[in-house]
Amino acid sequence: LDWVVKADVSRRYPDSISVNIVERKPFALWQAKDGLHEIENSARPIAFARAEDYPHLPIFIGDAATGAATLVSAIAGHRAVAARVRAMQRISDRRWNLILDDGVVVKLPEDGWRDQLDALEHLIVDKSVLERDIIEIDLRQRDNYFFILRNGHQQQESRGNKT
């Protein structure tokens, strides 16, 4: 059974049987090509799922959710980011995109993404960047952030820039 990690069965004389079952614990939901799966924190799929049955679990999209537990843990340390993240998308098994509750896509770099979570927290809290008409925030470069506006224009901001 997909849900069972371990099962111990023992016979108790004269006429009873004892069954002890340890179940797998769902850590997140993963939207794969074949449907939605519950996954463990190791990213191992448990079973097919319905999102409405697990509204409290984070959602991963795309490639296998390798490293999902590390990302969720890092995001939890950033209050404003954690409050806005709706889903996380693995890109080419190398890097992450965060999909925020208003549909804004935040592109994280392959390396140094933890530092960029700090930068995103700063942009949300101190600069109110999500109050602007933005659909995409590209944080893949350390010194320059790129914002794609809903009207299709691109805006660049240097890390040291106060605007």
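Relevant structure appears above.
So, here's what we can say about the structure. Keep in mind that what you see is a predicted model, and the values were worked out from it rather than measured.

What follows covers the layout of surface pockets. Rolled over the atoms, a probe as big as a water molecule pinpoints where empty space is left. Of the volumes computed, that of the largest pocket is approximately 200 Å³. Leu57, Pro58, Ile59, Val85 and Arg86 are, among the 14 residues lining the largest pocket, the residues nearest its centre. Elements with a contribution of two residues or more to the lining of the largest pocket: helix H1 (68-76) and strand S7 (85-91). Sort the elements by how many residues they give to the lining of the largest pocket and S7 lands first, with three residues. Split by residue class, the lining of the largest pocket holds twelve nonpolar, one polar and one charged.

Burial analysis of S7 places five of its seven residues in the buried class, the great majority of the element. Relative to strand S8 (residues 95-100), S7 is paired through six bridges, and the arrangement is antiparallel. Residue pairing across strands places Met88 opposite Leu98, the latter belonging to S8.

Moving on to the pairing of strand S4 (residues 35-39). Most of S4 is tucked away, with five of its five residues classed as buried. As paired strands, strand S3 (residues 28-32) and S4 are joined by five bridges and run antiparallel to one another. Bridged to Trp30 within S4 is His37. Here three bridges tie S4 to strand S5 (residues 45-48), and the two strands are oriented antiparallel to one another. What sits directly across from His37, in S5, is Phe48.

In this structure, Ile137 sits in strand S10 (residues 134-138). Counting along the chain gives twelve residues from Ile137 to Leu149, while the straight-line C-alpha distance between them is 9.1 Å. Discounting residues that sit within four places of it in the chain, Ile137 has contacts with Val104, Val105, Val106, Lys107, Leu120, Val129, Leu130, Phe146 and Phe147.

Now for the environment of Asp2. One can find Asp2 in the segment before strand S1 (4-12). Since its relative accessible area comes to 49%, Asp2 is described here as partly exposed. Along the chain, Asp2 and His78 lie 76 residues apart, while their C-alpha atoms are 33 Å from each other. If near-sequence neighbours (up to four positions away) are discounted, Asp2 is found in contact with Arg24, Arg44, Ile46 and Ala47.

Analysis parameters
- Residues numbered from 1 in each chain as written.
- Predicted model: local features only at pLDDT ≥ 70, side-chain atom pairs only at ≥ 80, totals over all residues.
- Heavy atoms only, no water.
- 1 Å grid on protein atoms, 1.4 Å probe; cavity = no way out; pocket = protein on both sides within 12 Å on 5 of 7 lines; lining within 4 Å.
- Points joined across faces, edges and corners; volume = space filled by probe spheres on them.
- Helix = DSSP H or I, 4+ residues; strand = E, 2+ residues; numbered from the N terminus.
- Nonpolar A, V, L, I, M, F, W, Y, C, P; charged D, E, K, R; others polar.
- Buried < 20%, exposed > 50% of the residue type's maximum accessible area, 1.4 Å probe, protein only.
- Pairing = 2+ DSSP bridges.
- Contact = heavy atoms within 4.5 Å.

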